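Chain by chain, the residues:
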Amino acid sequence: MRRRYTGEVVYVYAYDVAYELKREPINQLLGQKVVPFGFDSNRRHPRHHIFYKPQMIRLPPMERVGPNGLVEMERVIKLLPVGAISITVRVPFEVDRLEDLVRYHDLHFDTGSLNFDVRLLAEAAHRELTPHCIRPVPQLTDEEAYTVFCLDAPMTDNEGQPVGGEQWFQLHRRQVAALLTQETDTSLLSKQEADESTGRFLSYYQNDLVVIDWDAALIVDEKSDFDEALYIMELANLQLAELEAYDRMLDDSLERSYRDLGQRGLRSRRHVFRELREMRIDMARVSDELMNITKFFGDWHLARLYENLAARFHLGDWHHAVEEKLKTLDELYEILKHDQNNRWMLMLELTIVLLFIIDLVILFVGLKGP
């Protein structure tokens, strides 16, 4: 007899809260001590692994009545110096079929939705972090959310016999696709869509498996080995949220620059010149910091996982869009600089002509004098 599916659903939320966080240490948040993030070493770590380690708090467990009864949720908030926070919520489950997990996509409790609870938590963290922020956002925008279904290995076939992760995946590929795309009826899903939504999958050992889609993923592994893959997914989701925030920031800056450049006042042009120069420097620095949080060394499997997440999230396209807008800012900067140089050259030429005329007048007056 096939055993029930057990594991946890991990909800990952990323919020842009400020231009950046101040470099001063944050000792406490929401009544909890702020500590460096870390996880236990295990079989997948190289001898000298390097991971980006943000600050974090772990909130007390919270009980809610979910789809299958009372559950105890674990909540963690990570603080990123690029001006963002990442909130993860872990909800355990035990179900008979994969289809039973579809309802966990948009999880509702007896008191309301999980998204609403997380939004309130993010707003509370944002208010408390405001003194530690540089140019905090006046109001949080919509979160960038990602749902990860973590199944405890080993898996079994229809007869209840243990099978490897890849073999189980091939037996249940349509059900996995339906779970990731939030389809309750697997028969309605076409083979093309099933293949597309589950096309990016990875396996390292016999019993593990990771399937990556746009807004959800599936992990099959030992419970103690979920954390590394989850952390990579969290960083990629955070990177997507920050790239979207930078894209909006550049749109606003470009719109202001175009408007201000149309004005003829010298003061307005000086303001635009200064703003464009500051924006060039700030965006270059922030882009470097954003890339720095997703650097991996010495672990090829996790690097492959990030590459597949980056492809699913179209992070390369977002980077390209941001870089193109930075180039546009550079062009505006150069145009304004060239225009300013032309003005100075014109003033210099007029000054020389004026001095030449004054010399001629003095010479003429001197010749006419007694």
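See the structure printed just above.
J.: Can you break down the overall build of the protein residue by residue, with the values?
T.: Secondary structure summary: the protein contains 8 helices and 17 strands in total. Put simply, the protein has 370 residues, and 48% of those count as buried.

J.: Just give me the short version of the sheet that holds strand β16 (residues 209-212), but keep the residues and values in it.
T.: Taken in spatial order, the 9 strands line up as β5-β6-β7-β8-β1-β12-β17-β16-β15 in an open sheet, and their pairing is mixed. Two strands close off the open sheet at either side, each with one partner strand: β5 (35-36) and β15 (200-202). Note: strand β6 (residues 55-66) against strand β7 (residues 69-80), 10 bridges, orientation antiparallel. Note that in β7 the partner of Met-56 across the bridge is Lys-78. The strands that helix α1 (residues 114-129) touches are β1 (5-16), β6, β7 and β8 (84-95); relative to β8, the one it contacts most, it runs at about 150°. Packed onto the sheet, helix α3 (residues 173-180) meets β12 (144-152), β15, β16 and β17 (216-221) and runs at close to 135° relative to β17.

J.: Provide a residue-level description of the side chain of Asp-16, including the pertinent values.
T.: Secondary-structure assignment places Asp-16 in strand β1. Buried and without a salt bridge, Asp-16 has Arg-248 as its closest oppositely charged side chain, separated by 5.1 Å. Ignoring any residue separated from it by four or fewer positions in sequence, one finds Asp-16 in contact with Gly-83, Ala-84, Val-137, Leu-140, Glu-242 and Ala-245.

J.: Could you give me a rundown of the nonpolar core, with the residues and numbers involved?
T.: Side chains of a nonpolar character, in soluble globular proteins, are inclined to be buried together. Counting 54 residues, the largest nonpolar core has Ile-85, Ile-87, Leu-151, Trp-168 and Leu-218 as its most contacted members. Other than its neighbours up to four places away in sequence, Trp-168 contacts Tyr-5, Leu-98, Leu-151, Met-155, Thr-156, Val-163, Val-176, Leu-209, Leu-218 and Val-220. Counting residues in hydrophobic clusters, the runner-up holds 31 residues, among them Ile-212, Ala-229, Ala-236 and Tyr-306.

J.: Could you give an account of the pairing of β7, with specific residues and numbers?
T.: What sits between the antiparallel neighbours β6 and β7 is a turn of 2 residues. Sheet topology places β7 next to β8; 7 bridges connect them, and they run antiparallel. Bridge pairing links Leu-79 to Ile-85 in β8. The turn linking β7 back onto β8 is made up of 3 residues, and Gly-83 within it adopts a positive phi angle of 90°.

J.: Tell me what's going on with the packing of aromatic side chains, and back it up with residues and numbers.
T.: Using the criterion set out here, one finds 7 aromatic pairs in the structure. Pairing Tyr-146 with Phe-313 gives two aromatic rings, centres 5.2 Å apart and planes at 80°, and the pair type is edge-to-face. Taken as a pair, Tyr-146 in strand β12 and Phe-313 in helix α7 (residues 300-313) lie far apart in primary sequence, 167 residues in all. The pair formed by Tyr-146 and Phe-313 is uniform in burial state, with each residue classed as buried. Both rings, one in Tyr-204 and one in Tyr-205, keep their centres 4.7 Å apart while their planes meet at 75°; by these two values the pair is edge-to-face. Judged by relative accessible area, which is 34%, Tyr-205 ranks as partly exposed.

The rules we used
- Residues numbered from 1 in each chain as written.
- Predicted model: local features only at pLDDT ≥ 70, side-chain atom pairs only at ≥ 80, totals over all residues.
- Heavy atoms only, no water.
- Helix = DSSP H or I, 4+ residues; strand = E, 2+ residues; numbered from the N terminus.
- Buried < 20%, exposed > 50% of the residue type's maximum accessible area, 1.4 Å probe, protein only.
- Pairing = 2+ DSSP bridges.
- Contact = heavy atoms within 4.5 Å.
- Axes fitted to C-alpha atoms, helices over the stretch in contact; angles between N-to-C directions.
- Lys, Arg positive; Asp, Glu negative; His and termini not counted.
- Salt bridge = Lys/Arg side-chain N within 4 Å of Asp/Glu carboxyl O.
- Core = buried A, V, L, I, M, F, W, Y, C linked by side-chain atoms within 4.5 Å.
- Phe/Tyr/Trp six-rings, centres within 6.5 Å; stacked < 30°, edge-to-face > 60°.

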